[in-house]
Amino acid sequence: MNDSVSAQRPTPPQPLSAPVRFGALGTSSFGWRRVLPAMTGCPQTELVAVGGRSPERVQRFTDRFGCAGDSAEALLERDDIDAVYISLPPSLHGEWAARALHAGKHVLVEKPIATTAAEARAVASLAEDRGLVLRENFMFLHHPQHDAVATLIAEGRLGELRSFRGAFCFPPLPSEDIRYVPGLGGGALLDAGVYPLRAAAMLLGPGLRVAGATARVRRSDGLDLSGQALLVSPSGVPASVEFGFEHTYGSSYSLWGAGAKLTVPRAFTPPPGYQPVLVLEEQDHVEQFTLPAADQLNRSLAGFAAAVAAGGAAASPEEARWRQDAVATMELVDAVRAQAVPVTVEG
């Protein structure tokens, strides 16, 4: 178990001699608010161009970030970019990741990498064949608070693990949000559920199986608004995950062992200045570990840039693991979809 935990964690980024030149494909609000400001401020990355289908939206981005603008197709043909950051609707992630890889560009794509496991396998195989780096921008994986969790497990502070529970839920979105559009890859499972699924795999190791699931689905079109799933690891540790966008906000996971319970209250979206607090509860003792703040988005960008700068990184064990984990996550998503008992609701 301890080996599985350590094997899932990314290697800390190393300093680079030159920044990786990015082209941003898509003009999403998340790119506007979070990723592109971070990309322009990260010493290991340089934003060269933004590409999209709306010239007006592209111009808005170029005015703010001081970069070139292009159509989505023309962006992939530019010879002054090394990598493409993709923040399109999820239904387009797999297609445009494949097009970028065919164009010889490394790819950092927002989660999920695709909308089915078959599509994820195809993109991962293409990246391997082309010798290019392919990663999902799962920022939480880069936060060192999870290293602290792995250390406590390895030291035996929890005893033998008995269960995992993870949740990522938040309030309803504006009605026009693309996450309410089934044809664009909407739904709570793809948007929020992948977080606790990925966390369970990070801490329990590969080979998780779905034992059961349920989903609250919209009567009008079957879109999943929230849900739960029960999984089990090869060693017999059950994992429960909950997700949705019809809740008050919650982003956490806990591990329960024979000797103690460990809770990570702000697991997936801690702000850069937030100091995580891990809570360890034993039979007659509660201990809190306050950890240093960390910018997980900056670490994600820097880690990707380091992989690109490493040259043959696409063939390295770490990059192979990124591809394998992305595919495994989508296999779990497919299994949750297949087994989910629907509860129809108005919405």
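Coordinates for the structure precede this section.
Residues numbered from 1 in each chain as written. Predicted model: local features only at pLDDT ≥ 70, side-chain atom pairs only at ≥ 80, totals over all residues. Heavy atoms only, no water.

K.L.:
How should I be thinking about the overall build of the protein chain in this particular structure?
P.N.:
The helix and strand tally for the protein chain stands at 10 helices and 15 strands. Here the C-alpha radius of gyration of the protein chain, 20 Å, is about what a compact globule of 347 residues would show, namely 20 Å. Each principal axis of the C-alpha atoms in the protein chain carries an extent, and together these give about 60 × 50 × 35 Å. Across the 347 residues that make up the protein chain, the buried fraction comes to 54%. In the protein chain, of all internal contacts separated by at least 6 residues, the share reaching a separation of at least 24 is 70%. With the model as given, the accessible surface of the protein chain reaches about 14,400 Å², and the carbon-plus-sulfur share is 51%. Separation of charge centres in the protein chain, based on 30 positive and 37 negative side chains, amounts to 2 Å. (Helix = DSSP H or I, 4+ residues; strand = E, 2+ residues; numbered from the N terminus. Rg over C-alpha atoms; globule rule 2.2 N^0.38 Å. Buried < 20%, exposed > 50% of the residue type's maximum accessible area, 1.4 Å probe, protein only. Contact = heavy atoms within 4.5 Å. Areas by Shrake-Rupley, 256 points an atom, 1.4 Å probe, with all protein chains shown as cover. Lys, Arg positive; Asp, Glu negative; His and termini not counted. Charge placed at Lys NZ, Arg CZ, Asp CG, Glu CD.)

K.L.:
What should I look at first to understand the side chain of Ser226 in this one?
P.N.:
Mapped onto the secondary structure, Ser226 falls in strand β9 (residues 224-232). Taking the relative accessible area as the measure of exposure, Ser226 reaches 4% and is therefore buried. Engagement of the side chain of Ser226 in a polar contact is seen with the side chain of Glu246, the distance being 2.6 Å. When residues no more than four places from it in sequence are discounted, the contact partners of Ser226 are Ala188, Ala215, Arg216, Phe243, Gly244, Glu246 and His247. (Polar contact = N/O pair within 3.5 Å; in protein donor to acceptor, adjacent residues only side chain to side chain.)

K.L.:
So what exactly am I meant to see when it comes to the layout of surface pockets here?
P.N.:
In this approach a probe as big as a water molecule rolls over the atoms, and the regions it shows empty are the leftover space. In this model, the largest pocket occupies a volume close to 1,200 Å³. Forming the boundary of the largest pocket are 45 residues, of which Ser28, Ser29, Phe30, Arg33 and Arg179 lie nearest the centre. Within the residue set of the lining of the largest pocket, elements represented by two or more residues are α2 (29-41), β2 (45-52), α3 (55-65), α5 (93-102) and α8 (188-204). For the lining of the largest pocket, the element with the highest residue contribution is α2, accounting for 4 residues. Along the lines of polarity and charge, the residues of the lining of the largest pocket split into 21 nonpolar, 15 polar and 9 charged. (1 Å grid on protein atoms, 1.4 Å probe; cavity = no way out; pocket = protein on both sides within 12 Å on 5 of 7 lines; lining within 4 Å. Points joined across faces, edges and corners; volume = space filled by probe spheres on them. Nonpolar A, V, L, I, M, F, W, Y, C, P; charged D, E, K, R; others polar.)

K.L.:
For this particular structure, what's the right way to read the sheet that holds strand β14 (residues 285-290)?
P.N.:
Within a sheet, neighbouring strands are paired by backbone hydrogen bonds and run either parallel or antiparallel to one another. Here we have 9 strands laid out as an open sheet, ordered β14-β13-β12-β11-β7-β10-β9-β8-β15, and mixed in their pairing. The two strands at the open ends of the sheet, each matched to only one other strand, are β14 and β15 (340-345). Adjacent strand axes in the sheet meet at a mean angle of 10° when their direction is disregarded. Sheet topology note: the strand β13 (residues 277-282)/β14 ladder contains 6 bridges and is antiparallel. Bridge pairing links Leu278 to Phe289 in β14. (Pairing = 2+ DSSP bridges. Axes fitted to C-alpha atoms, helices over the stretch in contact; angles between N-to-C directions.)

K.L.:
Explain α2 here, please?
P.N.:
Residues lying three or four places apart along an α-helix face the same way, a consequence of the helix completing one turn every 3.6 residues. Compared with an ideal rise of 1.5 Å per residue, which puts 13 residues at 18 Å, α2 spans 18 Å between its outermost C-alpha atoms and is within 8% of the ideal. A maximum bend of about 40° is found in α2 at Val35, where proline Pro37 lies one to four positions downstream. Summarising the contacts, the buried residues of α2 are in contact with β1 (20-25), β2, α3, β4 (83-86) and α9 (296-309). (Expected span 1.5 Å × (residues − 1). Bend = angle between axes of the 7 residues up to and from the residue.)

K.L.:
For this particular structure, what's the right way to read the sheet that holds strand β5 (residues 106-109)?
P.N.:
The sheet built from 6 strands is open, its strands ordered β3-β2-β1-β4-β5-β6 with parallel pairing. On the outer flanks of this sheet lie β3 (68-71) and β6 (134-136), each paired with one strand and no other. Between one strand and the next, the sheet's axes are offset by a mean angle of 25°, whatever the strand orientation. Sheet topology places β1 next to β2; 6 bridges connect them, and they run parallel. Pairing of Val20 across the sheet is with Thr45, part of β2.

K.L.:
Teacher, can you tell me more about the nonpolar core here?
P.N.:
The nonpolar side chains of a soluble globular protein tend to be buried with one another. If you look at the biggest cluster of nonpolar residues, it comprises 84 residues, and the most contacted ones within it are Ile86, Ile113, Val149, Phe164, Leu231, Tyr253 and Leu255. Looking at this core, the element that brings in the most residues is α8, giving 13 residues. Once residues lying within four places of it in the same chain are set aside, the contact partners of Ile113 are His93, Gly94, Ala120, Val123, Leu134, Glu136, Ala326 and Met330. By size, the runner-up hydrophobic cluster in this structure holds 26 residues, among which are Phe22, Leu47, Ala305 and Ala307. (Core = buried A, V, L, I, M, F, W, Y, C linked by side-chain atoms within 4.5 Å.)

K.L.:
I tried to follow the packing of α2 against α3 on my own but got confused; where do I start?
P.N.:
For any two helices packed against each other, one specifies the inter-axial angle together with the distance between the axes. It is the contact of α2 with α3, at a shortest axis distance of 11 Å, that shows an interaxial angle of 40°. Between α2 and α3, the angle falls in the class oblique. Here the hand of the crossing between α2 and α3 comes out right-handed. Here Gly31, Trp32, Leu36, Pro37 and Thr40 of α2 lie close against α3, whose contacting residues are Arg60, Phe61, Arg64 and Phe65. Looking at the contact of α2 with α3 residue by residue, the class counts come to 5 nonpolar, 2 polar and 2 charged. (Parallel < 35°, antiparallel > 145°, perpendicular 65-115°, else oblique. Left-handed = near helix turned anticlockwise from the far one by under 90°.)

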